[in-house]
Structure formats: C-alpha cells, structure tokens
Amino acid sequence: RSPDPVIGRRSLELKTAPQLQAMQRAGVVLSEALDATLAAAAPGVTTAELDAVFAGVLAERGATSNFLGYYDFPASICTSVNDEVVHGIPGDRVLQTGDVLKVDGGAIVDGWHADSARTVILGSSAAGTADPADERLSAITREALWVGIAAFASATHVGDIGDAIDEFVTAQPGEELGILEEYVGHGIGSAMHLPPDVFNYRTGHRGPKIRSGLALAIEPMLVRGSIDTKVLADDWTVVTLDGARASQWEHSVCRHDGGVWVLTAPDGGASELARFGVVPVPPGE
Ligand code: MG
Ligand code: MG
C-alpha cells in the first residue's frame with residue numbers, strides 16, 4: 001500500500017501467541033491458494049480464471065478474502081502483468097508466453113489476516129520463451145524478500161529491513177534494478193493494513209522498535225527501469241511510467257518470544273532461511 005502519514009502515527013498491534021497461530025492458519029491456506037493459482041497460470045488462461053481458482057481454495061478451506069470488497073476491489077487477488085506493478089484487477093486479459101505475472105492474495109481465518117505475493121514468468125529463457133532479464137528481475141526480487149526476512153529475524157528496528165534489502169539490491173552486478181518507493185510493506189494482524197510502513201529501501205530513519213508479537217507484510221517491488229509509476233483509469237492498476245517490467249514478492253512474518261516465523265510459508269521459512277543461518281520457530285514455542 002502507499003505510505004500513510006496518519007497510520008504512521010498509530011501504535012503497533014502486538015499479537016499474543018494464539019493470535020499469531022490464527023494468522024499462521026490463514027497464512028497456510030493462503031500459501032495453498034497461491035500454489036493452486038500459480039499452477040493454473042499459463043498462456044491462454046485469463047486472469048479472471050486465476051481469481052476463480054484462488055477463491056475456490058479459500059472457500060474450500062473456510063477462509064475469506066481480505067481483498068474482495070476492500071475499497072470495492074472486485075476480486076480475491078491482484079493480477080499484475082509485465083509493466084503492471086501491483087493492484088491489477090483480474091478480468092478477460094489472456095496471459096501470453098513470456099509474461100511476467102504477479103499474483104498478490106490474502107486470506108482471513110478467525111478474523112486474522114495473511115497477505116502474500118509471488119511472481120511467475122510464463123516461459124523460460126532456456127526454452128527461448130522468456131527474457132533472461134525478466135527471470136533475473138524476479139530472482140533478485142524474491143531473494144530481496146528473503147534478505148529482508150532474514151534481517152527482520154534479528155532486527156531491532158523496522159528500518160533495518162529496508163536497509164538490508166537496499167544494500168542487497170544495490171550490490172547486484174549487471175542491469176540496475178529500481179526499488180519502488182511509492183508502495184511499501186505494512187503491519188498486519190486484525191486487519192490487512194496496519195502500522196508501521198515497511199520501506200524496502202534505506203530511508204535514513206530507523207523506524208519503530210521491533211517487539212515480540214509484531215507481524216509485518218514485507219513486499220519488495222522491483223523494476224527494470226525508473227521507479228516512477230502511475231495509476232490507470234480503473235483507479236487500481238499501478239504501472240511503470242516507462243513501461244519497464246516489474247516484480248513483487250511478499251510474505252507475512254512475525255516476531256515472538258521464541259524467534260521469527262514466516263506465517264505464509266508452510267515451513268515457516270525454514271528452507272529459505274537456512275542459508276542465512278536463521279532457524280524459524282513457530283509462535284507459541
Ligand atoms: Mg499483498
Ligand atoms: Mg501487502
């Protein structure tokens with residue numbers, strides 16, 4: 001979401017272990033729904049069909065959508081293709097070979113929210129059906145997310161996350177990637193969007209202190225060109241001004257007395273965090 005000066009002054013919601021466990025249940029359903037949605041994503045499929053797949057998994061698992069009806073948003077996921085960065089509305093757009101598709105979704109279980117996004121490229125450079133620069137964009141954005149989560153595991157302040165992501169992205173050799181500043185991560189829990197803002201770049205401010213029970217949605221959004229964006233006439237879809245392609249990866253994560261846990265990964269992030277020497281611990285343990 002966009003940085004919010006009013007929300008930015010509100011106090012942080014700190015969750016109990018049972019509340020984080022409810023978020024974890026929402027996160028696992030969400031992860032399954034994204035698995036099914038990305039498995040269905042292929043050339044010839046419409047983004048509305050993907051929305052139906054996602055909504056079907058939520059309904060089957062007794063979860064509800066936090067996207068559907070949010071400021072009248074008409075779907076359960078955002079589908080953003082190529083130069084569309086975030087907030088794309090599913091519809092009759094037919095996916096093409098080589099497209100860079102971002103699927104961002106959320107779920108509510110027992111009143112507790114989860115939010116996660118992934119990028120998928122509909123082809124592969126090895127097969128000659130995708131641009132290797134797009135694959136690199138998605139791979140670096142994905143790794144930037146894990147770098148941010150690894151930083152959050154031991155961070156003292158929320159700003160440490162953006163510092164780590166910025167440092168990682170800036171250090172990548174080759175084509176320079178831009179980190180979006182107009183859209184940022186956020187707190188999450190009893191609502192999808194809570195304070196604080198979670199910047200994906202070095203702001204020069206340390207941000208709020210991290211305390212046990214804090215849950216955040218970390219969501220780096222990277223582009224292959226300028227970070228300038230505009231919103232289309234549908235009042236939702238955010239596109240890059242220069243038409244460059246974008247990637248977004250997002251997880252909901254928490255800190256608790258026992259450590260860190262990735263709420264939207266079935267293994268709590270264990271497999272990805274191992275390379276950072278971080279061992280996640282489920283809330284309540
Ligand atoms: Mg999201
Ligand atoms: Mg989010």
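This structure is a prediction, so every number in the text was calculated from the model and none was measured. (Residues numbered from 1 in each chain as written. Chains lettered and ligands numbered in written order. Predicted model: local features only at pLDDT ≥ 70, side-chain atom pairs only at ≥ 80, totals over all residues. Heavy atoms only, no water.)

Some points on the pattern of salt bridges
Pairs may arise between side chains of opposite charge once their charged atoms sit close together. Tallied over the entire structure, the rule returns 14 salt bridges. Taking the shortest distance from any N to any O, the salt bridge between arginine 224 and aspartate 134 comes out at 2.7 Å. One end of the pair, arginine 224, is in the loop between β9 (221-223) and β10 (229-231); the other, aspartate 134, is in helix α3 (residues 132-154), with 90 residues separating them in the sequence. Linking arginine 224 and glutamate 175 is a salt bridge whose minimum nitrogen-to-oxygen distance equals 3.2 Å. Residue arginine 224 is found in the loop between β9 and β10, and its partner glutamate 175 is found in the loop between α4 (159-170) and β5 (178-179); the two are separated by 49 residues along the sequence. Residue classification places arginine 224 among the partly exposed positions, given a relative accessible area of 23%. Taken together, the shared-partner salt bridges connect Asp131, Asp134, Glu175, Arg224 and Arg245 into one network. (Salt bridge = Lys/Arg side-chain N within 4 Å of Asp/Glu carboxyl O. Helix = DSSP H or I, 4+ residues; strand = E, 2+ residues; numbered from the N terminus. Buried < 20%, exposed > 50% of the residue type's maximum accessible area, 1.4 Å probe, protein only.)

A look at the sheet that holds strand β8 (residues 215-218)
An order of β7-β6-β8-β13-β14 is seen for the 5 strands of this open sheet, with the pairing classed as antiparallel. Of all the strands in the sheet, the pair left with one neighbour each is β7 (194-198) and β14 (259-262). Neighbouring strand axes in the sheet, compared pairwise and without regard to direction, differ in orientation by 25 degrees on average. The sheet contact formed by strand β6 (residues 185-187) and β7 spans 3 bridges and is antiparallel. Directly across from glycine 185, in β7, lies its bridge partner valine 198. Against the sheet, α3 touches β8, β13 (251-256) and β14, its axis set at about 10 degrees to β13. (Pairing = 2+ DSSP bridges. Axes fitted to C-alpha atoms, helices over the stretch in contact; angles between N-to-C directions. Contact = heavy atoms within 4.5 Å.)

Focus on α3
Taking 1.5 Å of rise per residue, 23 residues should cover 33 Å, and α3 covers 34 Å from first to last C-alpha, within 8% of that figure. The backbone nitrogen of alanine 133 has a side-chain oxygen 2.8 Å away, supplied by the residue at the start of α3, namely aspartate 131. (Expected span 1.5 Å × (residues − 1). Polar contact = N/O pair within 3.5 Å; in protein donor to acceptor, adjacent residues only side chain to side chain.)

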